[in-house]
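Understanding the architecture of this molecule
Each chain, written out:
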Amino acid sequence: MLSLGIGPGDEVIVPAFTFFASISAVLQTGAKPVLADIGTDSYTLNPEKTEALINSNTKVIMPVHLYGIPARMTELTELATQYHLNIVEDFAQSVGAFYNNNPAGSIGKINGSSFYPVKNLGALGDGGIITTNDPDLAEFCRVFRNYGSPRKYEFEKIGVNSRLDELQAAFLLVKLKYLDRWLKEKNKIALRYFKNLKGLQAVKFFKPDDLSIPAWHIFPICCEERDKLQQFLKQLDIETLIHYPIPPYRQPALQFLNCSAEKFPESEKIASKELSLPIYPGLQEDKIDYICEKIIEFYHKPRR
Ligand SMILES: *Cc1c(COP(=O)(O)O)cnc(C)c1O
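Here we summarise the structure given alongside this text. (Residues numbered from 1 in each chain as written. Predicted model: local features only at pLDDT ≥ 70, side-chain atom pairs only at ≥ 80, totals over all residues. Heavy atoms only, no water.)

**Focus on the environment of Gln28**
Structurally, Gln28 is set in helix α1 (residues 20–28). Overall, Gln28 belongs to the exposed group, its relative accessible area being 66%. Residues Gln28 and Met1 lie 27 residues apart in sequence; the distance between their C-alpha atoms is 9.6 Å. (Helix = DSSP H or I, 4+ residues; strand = E, 2+ residues; numbered from the N terminus. Buried < 20%, exposed > 50% of the residue type's maximum accessible area, 1.4 Å probe, protein only.)

What follows is the structure in structure tokens.
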């Protein structure tokens, strides 16, 4: 965003429901994050709600392909064109996903992703990537990440130290070869969950739309009695997680944004109902079936 000249006085539209980092990135530039509720169908930036927030200070729309499911990029890209805004994708959870044959991270003007160890393509420590087709923006980033130094001992701007560690780069080059295989395997796991649980009224899925090929970072469901189900599964040694129990606008650090939760009914719903089921390359079919059996058992048992 700094490469685009975003700073104080500018507004960036971000989903109200995302990992905290999407919003803190906007704040680091001095710009104002404007939170838009997510859609009922896409679970990320809702194009209608996004359009309603555009004004003369808006500079960027930041879709976040949460869970590895691409946002509604056709509509969001049209909005960006219509209002002369830039798209900046946060594809930290969606390396390997596609929208309308375009890889996540190739649609926006300039985009950011993460190699944090648990991500689809994770390093063995921290790392990340910026993608752009614009040579000037790429050059800005190369210089900025190296203290603002284009040549040894010459500093043309005030930058930061944000180089990718060489060892991490080497690990990533090896892991990159397996990415497709791992994602295919995760997709098979997701399809098995869909098949096994589809009859359950109490469980709803996050279904990618027809133009999307997801890259399941996690496998989320939306379920009734979420916390009780999580406890039940935990007793059986089935670990689940919640992404995320406290949405950004409820975080102490962001209270100054003055965003009341009533503005984000869909985000509230996901925060109270989302549960992430086990998904990782190597998860055996009989294990998936066992997990599903237990979930079905939970909802069919007499009320606890
Ligand atoms: C992980 C994540 C980030 C941050 O990545 P870091 O490598 O920790 O900086 C940003 N956005 C989303 C949606 C993420 O999941």
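**Focus on the site of the ligand**
Surveying the vicinity of the ligand reveals the residues Phe19, Ala21, Ser22, Val64, Asp90, Ala92, Gln93, Ser114, Lys119 and Gly127. Asp90 is positioned with one of its side-chain polar atoms (N or O) 2.7 Å from a nitrogen atom of the ligand. The side chain of Ser114 places a nitrogen or oxygen atom 2.6 Å from an oxygen atom of the ligand. Coverage of the ligand by the protein chains reaches 75% of its 380 Å² of free accessible surface. Of the residues belonging to the shell around the ligand, the class tally is 4 nonpolar, 4 polar and 2 charged. (Near = heavy atom within 4 Å. Polar contact = N/O pair within 3.5 Å; in protein donor to acceptor, adjacent residues only side chain to side chain. Areas by Shrake-Rupley, 256 points an atom, 1.4 Å probe, with all protein chains shown as cover. Nonpolar A, V, L, I, M, F, W, Y, C, P; charged D, E, K, R; others polar.)

**Here we look at the sheet that holds strand β3 (residues 58–61)**
The strand order across the open sheet built from 4 strands is β2-β1-β3-β4, with neighbouring strands paired in parallel fashion. Each end of this open sheet is capped by a strand with a single partner; those strands are β2 (32–36) and β4 (86–87). As judged from the 3 bridges shared by strand β1 (residues 11–15) and β3, these two strands associate in the parallel manner. Among the inter-strand pairings, Val12 is bridged to a residue of β3, identified as Val60. (Pairing = 2+ DSSP bridges.)

**A short note on the packing of aromatic side chains**
On inspection of all chains with the given rule, the structure shows 14 aromatic pairs. Ring plane angle 50° and centroid distance 5.4 Å describe the contact between Phe232 and Phe298, whose orientation is recorded as tilted. Of the two residues, Phe232 is situated in helix α7 (residues 226–235) and Phe298 in helix α9 (residues 285–300); the sequence distance between them amounts to 66 residues. On the basis of relative accessibility, which here comes to 11%, the residue Phe232 falls in the buried class. (Phe/Tyr/Trp six-rings, centres within 6.5 Å; stacked < 30°, edge-to-face > 60°.)

**Focus on the nonpolar core**
Counting 62 residues, the largest nonpolar core has Val12, Leu35, Tyr193, Phe219, Leu229, Ile295 and Tyr299 as the members making the most contacts within it. When residues in this core are grouped by element, the largest group, 6 residues, is from α9. Apart from the residues within four sequence positions on either side, Ile295 is in contact with Leu197, Leu200, Val203, Leu229, Leu233 and Leu277. Among the nonpolar cores identified, the runner-up in size contains 14 residues, and Ala36, Met73, Ala80 and Leu85 belong to it. (Core = buried A, V, L, I, M, F, W, Y, C linked by side-chain atoms within 4.5 Å. Contact = heavy atoms within 4.5 Å.)

**Thoughts on the environment of Glu266**
Note on placement: Glu266 falls in helix α8 (residues 265–273). Each C-alpha atom, one on Glu266 and one on His84, is 28 Å from the other, the two residues being 182 residues apart in sequence.

**Details of helix α3 (residues 73–82)**
For α3, the set of buried residues is Met73, Leu76, Leu79 and Ala80. Seen end-on, α3 carries its buried residues on one side only, within an arc spanning 125°. Exposed residues pointing more than 90 degrees away from the buried face of α3 are listed as Glu78, Thr81 and Gln82. The elements touched by buried residues of α3 are α2 (47–52), β3, β4 and β5 (98–99). (Arc of directions from axis to C-beta.)

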